[in-house]
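What follows is each chain in one-letter form.
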Amino acid sequence: MDIFFFILFATIAVVCGISVILQKHPISSALSLVGVMGSIAVLYLALGAEFIAMAQIIVYAGAVMVLFIFVIMLLNAGAEQAAGRSWMAQLLGIPALLAMFGVVAYFIQSYFGNAGFMKFGNFKGGSAQSVGMALFTDYLLPFEVTSVLILVAILGAIVLARKELD
Amino acid sequence: MPEGLQQGAQQILANGVPISWYLILSAVLFTLGVAGFLFRRSIITVFMCIELMLNAVNLSFVAFSNMHRQVGGHIFTFFVMVVAAAEAAVGLAIILTVFKNRGTLNIDEVSSLKN
């Protein structure tokens, strides 16, 4: 059962990921990215990360992607024209990417090839209670610093996007 | 079906999904993000590919958290989400400003730092 769900949602994630980079229109890419994020949220749920799965759906699929779609609408972004790419990127891009993936996959297989198995329900430490417990005891300082980061981001976004006041 | 493959299939059916498969999926999604980052020309799509890469890394954090039976990976994923949300807000504001000043979304035409 675990393997069935993993293969189903991994396939959806990879297909939507390919769709993100192949679609010509930004809005199609954005909707494909929502598909990737939703299937990743299901995989989080299977890994026992309930809180993170919900946060993924609310923050990423809900907030961040809506922001993207608003900007696409606001700028009236059309399909991108096929510009002339540098011959270097065309020639070396795909082989370099495949080489990178090959190296990473090789190290994953050699270091984590028999690292154990994921079975649904064998890790119950991902509930909102345990995440909150860790967040407000061991990781309290980073959590508080995060609020400053978000404040700075809000101010930065407002300053960048405002109309000139002169 | 060869002997080893059959044994592996039985093991997977009995024990669940190997953690390394999650890591491989994460590597695949990260590579797709890098590919989009390199080959796409629209600023917005490039930005979406960055989000895709962040998501791929988050998936490997959660997989490691499951492997070690510790909640630390979830905490780190949480912080990555916070940073990604802040980054999206600032980045999209920058895109708006660039579009207002240049009237284009093509990253090849926004190259004034080059010369």
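Keep in mind that this is a model prediction, so the values were computed, not measured.

Here we come to the overall build of chain A. Each helix and strand counted, chain A has six helices and one strand in total. Moving toward the C terminus, one meets the helices and strands of chain A in the order α-α-α-α-β-α-α. Whereas a compact globule of 166 residues would reach a radius of gyration of roughly 15 Å, chain A reaches 20 Å, over 25% beyond that. Once the C-alpha set of chain A is aligned to its principal axes, its extents read approximately 55 × 45 × 25 Å. Long-range contacts, defined here as pairs at least 24 residues apart, represent 60% of the contacts in chain A between residues at least 6 apart.

Positionally, B:Leu13 belongs in helix α1 (residues 3-15). Once the C-alpha coordinates of B:Leu13 and B:Ala27 are considered, the two residues, 14 residues apart in sequence, prove to be 24 Å apart.

Next up on the list: the interface of chain A and chain B. Between chain A and chain B, the contact holds 69 residues from the first and 65 residues from the second. Top contributing element to the side of chain A that touches chain B by residue count: helix α3 (residues 50-75) of chain A, with eleven residues. Of the residues contributing to the side of chain A that touches chain B, the split by class is 54 nonpolar, twelve polar and three charged. Relative to strand β1 (residues 17-18) of chain B, strand β1 (residues 117-118) of chain A runs antiparallel, the two sharing two bridges. Of the residues in β1(B), the one forming a bridge with A:Met118 is B:Val17.

Further remarks concern the domain arrangement of chain A. Partitioning chain A into structural domains gives domain 1 (1-79 + 119-124) and domain 2 (127-166). Each of domain 1 of chain A and domain 2 of chain A has a C-alpha centre, and the two are 23 Å apart.

Attention now goes to the packing of helix α2 (residues 19-39) of chain B against helix α3 (residues 43-68) of chain B. All names here are of chain B. In the contact formed by α2 and α3, the axes pass within 8 Å of each other and the chain directions differ by 165 degrees. If you check the angle between α2 and α3, you find them roughly antiparallel. Once α2 is placed against α3, the crossing between them reads as left-handed. Classifying every residue of the contact of α2 with α3 gives 19 nonpolar, seven polar and no charged.

Cut-offs used in this document
Residues numbered from 1 in each chain as written. Chains lettered and ligands numbered in written order. Predicted model: local features only at pLDDT ≥ 70, side-chain atom pairs only at ≥ 80, totals over all residues. Helix = DSSP H or I, 4+ residues; strand = E, 2+ residues; numbered from the N terminus. Rg over C-alpha atoms; globule rule 2.2 N^0.38 Å. Contact = placed C-beta atoms within 7 Å. Nonpolar A, V, L, I, M, F, W, Y, C, P; charged D, E, K, R; others polar. Pairing = 2+ DSSP bridges. Domains from an automatic or database assignment. Axes fitted to C-alpha atoms, helices over the stretch in contact; angles between N-to-C directions. Parallel < 35°, antiparallel > 145°, perpendicular 65-115°, else oblique. Left-handed = near helix turned anticlockwise from the far one by under 90°.

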